[in-house]
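# Chains, contacts and geometry: an overview
Chain by chain, the residues:
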Amino acid sequence: MMILFASLLTLPANASTSFDIKVGLWKMEAKFDQAGMKQPDSEMMKKAMESMPAESRKMMQDMMAKNGVAMGKNGEQLICISKNMLKNPETITPPQQGQNCKTKTIKTTGKEVEMEIHCEDGTDGKLKWKASSSSAFSGVMELKMADGKISKIEQNAKFVKSDCGKLKPLAQ
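The structure displayed is predicted, hence computed values, not measured ones. (Residues numbered from 1 in each chain as written. Predicted model: local features only at pLDDT ≥ 70, side-chain atom pairs only at ≥ 80, totals over all residues. Heavy atoms only, no water.)

One finds Phe19, Ile21, Trp26, Ile81, Ile117 and Phe137 to be the most contacted residues of the largest nonpolar core, which totals 25 residues. Counting only elements with at least two residues in this core, the list comes to β1 (24–34), β4 (77–81), β6 (112–119), β7 (124–133), β8 (136–144) and β9 (150–161). (Core = buried A, V, L, I, M, F, W, Y, C linked by side-chain atoms within 4.5 Å. Buried < 20%, exposed > 50% of the residue type's maximum accessible area, 1.4 Å probe, protein only. Helix = DSSP H or I, 4+ residues; strand = E, 2+ residues; numbered from the N terminus.)

Any residue range with low pLDDT should be treated as having predicted coordinates unsuitable for detailed reading. Residue-level pLDDT values for the protein chain average 77, and 74% of them are 70 or greater. Note on residues 1–16: pLDDT is under 50 here. Beyond four places in sequence and across chains, it has 72 contacts. (pLDDT = per-residue confidence, 0-100. Contact = heavy atoms within 4.5 Å.)

Note on placement: Ala70 falls in strand β3 (residues 69–71). Residue Ala70 is classed as partly exposed on the basis of its relative accessible area, which comes to 24%. As for Ala70 and Met60, which are separated by ten residues in sequence, their C-alpha atoms are 9.6 Å apart. Sequence-distant contacts of Ala70, that is, excluding residues within four places in its chain, are made with Met64, Glu76, Gln77, Leu78 and Leu167.

What follows concerns the state of the cysteines. For the coordinates displayed, the defined rule picks out two disulfides. With a sulfur-sulfur separation of 2.0 Å, Cys80 is cross-linked through a disulfide to Cys164. Taking the sign of the S-S torsion, about 85 degrees here, the bridge from Cys80 to Cys164 comes out right-handed. Of this pair, Cys80 sits in strand β4 while Cys164 sits in the segment after β9, and the two are 84 residues apart along the sequence. What pairs with Cys101 in a disulfide is Cys119, and their sulfur atoms sit 2.0 Å apart. On the sign convention where negative means left-handed, the S-S torsion of about 105 degrees between Cys101 and Cys119 marks this disulfide as right-handed. Here Cys119 lies in strand β6 and Cys101 lies in strand β5 (residues 101–108), a separation of 18 residues in the sequence. (Disulfide = S-S within 2.5 Å.)

Here you go:
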C-alpha cells in the first residue's frame, strides 16, 4: 500500500505556473528507503506480482487501476497524467485507505515543483521535482512518519505516449 500511496503523491502539481511536461502515459521507476531499509525496486515488484496467485494479482491490478496506476512489463509503474492533474495539485492525492493527507504547493515553475504533505496521523513531508525536458522528470519525496522514522522515495519518470489506452487518470 505504501508504494501505491507514494505513486499517487509523487505526481507533479501546479499552482499558478504550469509544470512543463506532456500529458499522457508516463513510466515511473522508484527507489524506496524506509527507515534505512531499502524497499523493492521495479524488478523486485515485477517478481512479487508474478509470484502472487492469479486472484490476488488481479485484485492488486484492479486496485492500482482504480487509483490510476498500472504495472509495466518490467515492474515499473505506469501513470496517466491529465491536464487537470497538472493544474490542480489537490486532485493528485485523493484520500487513501487509512491515510488522510493534504498537499500544499509551495513552488511551481515550468521546470520545478515543490509541495508539502501533512497527514492526520502526524506524517509530514516534502516533494521536490525537476523536469529535465517535457518528456522526463525526476525528484525526491521525503516523509517523516508519525513514529519518527524517515522514508525517502527517489523517482525518475519518462513520457511513453500521449494515449493512455485503458488506463484512466487518477479519479478526480
